[in-house]
Amino acid sequence: MIPIRGEVALMSAPQQKPVVTEREARQVAEAAREQDWRKPSFAKELFLGRFRLDLIHPHPMPPDEDARRGEEFLAELRDFCESKVDGALIEREAQIPDEVIAGLKDLGALGMKIDTKYGGLGLTQVYYNKALALAGSACPAIGVLLSAHQSIGVPQPLKLFGTQEQKETFLPRCARTDISAFLLTEPDVGSDPARLATSAVPEGDEYVLDGVKLWTTNGVVADLLVVMARVPRSEGHKGGITAFVVETDSPGITVENRNAFMGLRGIENGVTRFHQVRVPAANRIGPEGSGLKIALTTLNTGRLSLPASCVAAGKWCLKIAREWSAAREQWGKPIADHEAVGAKISFIAATTFALEAVLDLSSQMADEDRNDIRIEGALAKLFSSEMGWLIADELVQIRGGRGFETAASLAARGERAVPAEQVLRDLRINRIFEGSTEIMHLLIAREAVDAHLSVAGDLIDPEKSLSDKAKAGAQAGAFYARWLPKLVAGQGQLPYSYGEFKREVDLSVHLRYVERTARKLARSTFYAMSRWQGRMETKQGFLGRIVDIGAELFAMSAVCVRAELLRTTESHGREAYQLADAFCRQSRIRVEELFGRLWTNTDDLDRKVVKGVMAGTYEWLEEGIVDPSGEGPWIADATPGPSEHTNVHRPVR
């Protein structure tokens, strides 16, 4: 299953944590995913070897009225960020000032995604993400505050699954006054929600919650919570992991600690304990047992908040790289003129263009609602978090010693206060938030092979009978007889395909490459499934590379389509084509390396080394150091019961 905003697991309540097998855990995860594909998916087709450019080109555009309202709000938000937000102060004091939060409330920033009929601004996903990028550039902690509240907090689950009464009760509050948080993770449960231990025991027309939640972003200042808890099965109750809206001032709720991190120092992230907390049954979101499905569906678009922060960081890194590399001289010329630095600047510029292309395309697809974007949203999160981190790392390298020095230290000795090291620290969590890179690989891989499992899954399921396997064999034979021949040839082999992308700079060659490579990717996946069958799910290294190739192909498609859009709508279309060309050429090198590593790698050897490490075979290698770690258990005790801590909850009014 996938970790959400670092906070991803849940704890149920009996005095004992659930003990589950690996198979049971997988069954819980499988039951939570959306089973059907009712709408087309560009990325799903890509993994099947079908390059459906028609699903993304021409690039979708927001309606004029949505764009007008969005631009008006962005102008107000920019003025607020420039005049009222002191990012250095927030970093120094590790807290967003109450007056800044109050100002955001007055702007309506808490209700950007909430419908106007409930008092919100009703912005599209495109403009919501532009707003998050803008606010996050002023202070990343503010971007997290707003996105945790709206992307995964109370507004989005209620928008998708809430009753009319719940929407009328809670959405007006969320739009203007109340901050919300999402509580899933627990101290001993991360990406394995089958072991969730927080419980919600039915009593009349209420549920009684007991348990502990960890890494509750916004939890320290939240007024409303979305809490995932396990309802025990009983007469009249289906049971299972269930979502609830909970008032934070309810008796029995204690915020026991405000957590501190290497980056995002201004976020209000804590540990929240529930002891005999009574929640009205009317506050349950959806039926019992639907909590994980609600969480995953919410994340389809909720994950796009992280790419927004990466786009903001990429744009800022490009600005600093350009200005610094022109001012700093080495051996008689600006460092930008040295190839070693110039290659880094080119990477930053081309990849930032790609980050924005992927985000805008995915967001507009979410707004149009013509496509199923569960894979696209996940690919956007995966690609952006990895590439955003690399961009920030390259900026620190370009800045040299100044990149390692804090902005405050630079200012103290009379230089421009450039917080390059802070951006690197702040971006690092994106590779963990809302599904770590490793979990995203598995999640996307599962969706990418869904068509294969639908027709041939019973063939590799050891619990299926011979008659089931025979039936599956017949199904699979018919499917692959139709599918495999289509992977042999396609438009990517025709020299004049995608000719509308051939300008002064020729992008058609890259689209032909994407088409050919998508078919190669599908053939590789099929070969692996034939080779490993039921063991395929254990080949996480292979699956990760398959997904990374798909992410690169998605990004290449997005940049080409965006470049063509800008050519027809903006004055810098020629420059957009240049950036798209640069990105695609860089991406193609990465793709070819990934293909090489599909079959030539150290995966088997790595597994042997890991077994040796865990058995203590190499313990001698750890000699000669002093471990600076403090004393204490690896995982804090989360036994249900009354809190013994002071409540550090502080609502902002």
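Residues numbered from 1 in each chain as written. Predicted model: local features only at pLDDT ≥ 70, side-chain atom pairs only at ≥ 80, totals over all residues. Heavy atoms only, no water.

*Asks:* Which residues make up the overall build of the protein, and what values do they have?
*Replies:* Counting its regular elements, the protein contains 23 helices and ten strands. Each of the 653 residues in the protein was classed as buried or not, and the buried ones make up 55%. The long-range fraction of contacts in the protein, counting pairs at least 24 apart against all pairs at least 6 apart in sequence, stands at 79%. When the accessible surface of the protein is summed, it comes to about 28800 Å², and 54% of that surface belongs to carbon and sulfur atoms. Charge separation in the protein, taken as the distance between the mean sites of 80 positive and 89 negative side-chain charges, equals 5 Å. (Helix = DSSP H or I, 4+ residues; strand = E, 2+ residues; numbered from the N terminus. Buried < 20%, exposed > 50% of the residue type's maximum accessible area, 1.4 Å probe, protein only. Contact = heavy atoms within 4.5 Å. Areas by Shrake-Rupley, 256 points an atom, 1.4 Å probe, with all protein chains shown as cover. Lys, Arg positive; Asp, Glu negative; His and termini not counted. Charge placed at Lys NZ, Arg CZ, Asp CG, Glu CD.)

*Asks:* Explain a nonpolar patch on the surface to me, and be specific about the residues and the numbers.
*Replies:* On the surface, a nonpolar cluster with roughly 830 Å² of combined accessible area is contributed by Leu605, Val609, Val610, Val613, Met614, Tyr618, Trp620 and Leu621. Checked against the element boundaries, Leu621 lands in the segment after helix 23 (603-615). Take Leu621: its relative accessible area is 61%, and that puts it in the exposed class. (Patch = residues over 30% accessible without salt bridge, like charges linked within 9 Å, V, L, I, M, F, W, Y side chains within 5 Å. Salt bridge = Lys/Arg side-chain N within 4 Å of Asp/Glu carboxyl O.)

*Asks:* Account for the pattern of salt bridges, with residues named and values stated.
*Replies:* Within this structure, the stated rule accounts for 46 salt bridges. Here Asp178 and Arg653 are joined by a salt bridge, their closest N and O atoms 3.4 Å apart. Placement of the pair is Asp178 in the loop between helix 9 (164-176) and strand 1 (180-183) and Arg653 in the segment after helix 23, with a sequence separation of 475 residues. A relative accessible area of 4% places Asp178 in the buried class.

*Asks:* Which residues make up the packing of aromatic side chains, and what are the values?
*Replies:* Two descriptors summarise a pair of aromatic rings, namely the distance from one centre to the other and the angle between the planes of the rings. As enumerated under the stated definition, the model contains 14 aromatic pairs in all. Judged by centre distance (5.9 Å) and plane angle (20 degrees), the rings of Phe479 and Trp483 are stacked. On the criterion of helical spacing, the pair formed by Phe479 and Trp483 is a turn pair, its members being four residues apart in helix 19 (residues 466-483). Its relative accessible area of 15% is what places Phe479 among the buried residues. Trp483 gets classed as buried once you look at its relative accessible area, which sits at 3%. Relative to Phe526, the ring of Trp483 has its centre 6.1 Å away and its plane inclined at 70 degrees; by these criteria the two rings are edge-to-face. With Trp483 in helix 19 and Phe526 in helix 20 (residues 508-532), the pair connects residues that are 43 residues apart, well separated along the chain. Taking the ring centre of Trp37 as reference, the NZ or CZ of Arg374 above it sits at 3.7 Å. The ring of Trp389 has Arg428 sitting right over it, with the charged end atom 5.4 Å from the ring centre. (Phe/Tyr/Trp six-rings, centres within 6.5 Å; stacked < 30°, edge-to-face > 60°. Lys NZ or Arg CZ within 6 Å of the ring centre and 35° of its normal.)

*Asks:* So what about the environment of Leu184? Which residues, and what values?
*Replies:* As for its position among the elements, Leu184 is in the loop between strand 1 and strand 2 (199-203). Looking at Leu184, the relative accessible area reads 2%, which means it is buried. In this structure, the C-alpha to C-alpha distance between Leu184 and Thr437, residues 253 residues apart in sequence, is 18 Å.

*Asks:* Report on the pairing of strand 4 (residues 224-231), specifying residues and quantitative values.
*Replies:* Taken across its eight residues, strand 4 has seven buried, putting it largely inside the fold. Relative to strand 4, strand 1 is paired through four bridges, and the arrangement is parallel. Residue pairing in the sheet places Leu183 in a bridge with Val227 of strand 4. Bridge analysis of strand 4 against strand 5 (residues 240-247) gives eight bridges, and the strand direction is antiparallel. Residue pairing for strand 5: Val231 is matched across the bridge by Gly240. (Pairing = 2+ DSSP bridges.)

*Asks:* Talk me through unusual backbone geometry; I want residue IDs and the actual numbers.
*Replies:* With an omega of 0 degrees, the peptide bond between His57 and Pro58 qualifies as cis. Considering the arrangement of structural elements, one finds Pro58 in the loop between helix 2 (42-47) and helix 3 (64-84). Phi is positive for Leu264, close to 50 degrees, though the residue is something other than glycine. With respect to the element layout, Leu264 can be found in the loop between strand 6 (253-258) and strand 7 (269-280). For Leu264, a relative accessible area of 6% corresponds to the buried category. For Asp369, which is not glycine, the phi dihedral falls at a positive 60 degrees. Mapped onto the elements of the fold, Asp369 is located in the loop between helix 12 (339-368) and helix 13 (374-399).

*Asks:* Can you lay out the side chain of Thr351 for me, pointing to particular residues and giving the numbers?
*Replies:* Note on placement: Thr351 falls in helix 12. Every residue in contact with Thr351, bar those within four places of it in the chain, is listed here: Met387, Ile391, Phe583 and Gln586.

*Asks:* Could you give me a rundown of the environment of Gly314, with the residues and numbers involved?
*Replies:* By secondary structure assignment, the location of Gly314 is in helix 11 (residues 305-327). Under the relative-accessibility criterion, Gly314 is labelled buried at 1%. Separated by 67 residues in the primary sequence, Gly314 and Lys381 place their C-alpha atoms 14 Å from one another. Look past the residues within four positions of Gly314 in its chain and what remains in contact with it is Ile348, Thr352 and Ile391.

*Asks:* Explain the packing of helix 5 (residues 98-107) against helix 7 (residues 140-152) residue by residue, including any values.
*Replies:* For the pair helix 5 and helix 7, the least separation of the axes is 12 Å and the interaxial angle reads 50 degrees. What the angle tells us is that helix 5 and helix 7 run oblique. Helix-helix and strand crossings are classified by hand; for helix 5 and helix 7 the assignment is right-handed. Together, Val100, Ile101 and Leu104 of helix 5 and Ile142, Leu145 and Leu146 of helix 7 make up the contact between the two elements. (Axes fitted to C-alpha atoms, helices over the stretch in contact; angles between N-to-C directions. Parallel < 35°, antiparallel > 145°, perpendicular 65-115°, else oblique. Left-handed = near helix turned anticlockwise from the far one by under 90°.)

*Asks:* Provide a residue-level description of helix 5, including the pertinent values.
*Replies:* All of the buried residues along helix 5 are Val100, Ile101, Gly103, Leu104, Lys105 and Leu107. Positive backbone phi, at 90 degrees, marks Gly108, one or two positions downstream of helix 5.

*Asks:* I'd love a proper account of the environment of Arg512, names of residues and values included.
*Replies:* Examined against the element boundaries, Arg512 turns out to sit in helix 20. Here Arg512 falls in the buried class, since its relative accessible area comes to 10%. It is 47 Å that separates the C-alpha atoms of Arg512 and Ala88, two residues lying 424 residues apart in sequence. With sequence-adjacent residues up to four places away left out, Arg512 is seen in contact with Gln491, Gly492, Leu494, Pro495, Tyr496, Ser497 and Tyr498. For Arg512, the side chain forms a polar contact with the main-chain oxygen of Ser497, separated by 3.0 Å. (Polar contact = N/O pair within 3.5 Å; in protein donor to acceptor, adjacent residues only side chain to side chain.)

*Asks:* With reference to specific residues and values, describe the packing of helix 13 against helix 17 (residues 437-448).
*Replies:* Relative orientation of the contacting elements helix 13 and helix 17 amounts to 150 degrees, with a least axis distance of 10 Å. By the angle between their directions, the pair helix 13 and helix 17 is classed as roughly antiparallel. For the pair helix 13 and helix 17, the sense of crossing is left-handed. Contact residues: helix 13 offers Arg374, Ile375, Ala378, Leu379, Lys381, Leu382, Ser385 and Glu386, while helix 17 offers Thr437, Met440, His441, Leu443, Ile444, Glu447 and Ala448. For the contact of helix 13 with helix 17, the residue count by class is eight nonpolar, three polar and four charged. (Nonpolar A, V, L, I, M, F, W, Y, C, P; charged D, E, K, R; others polar.)

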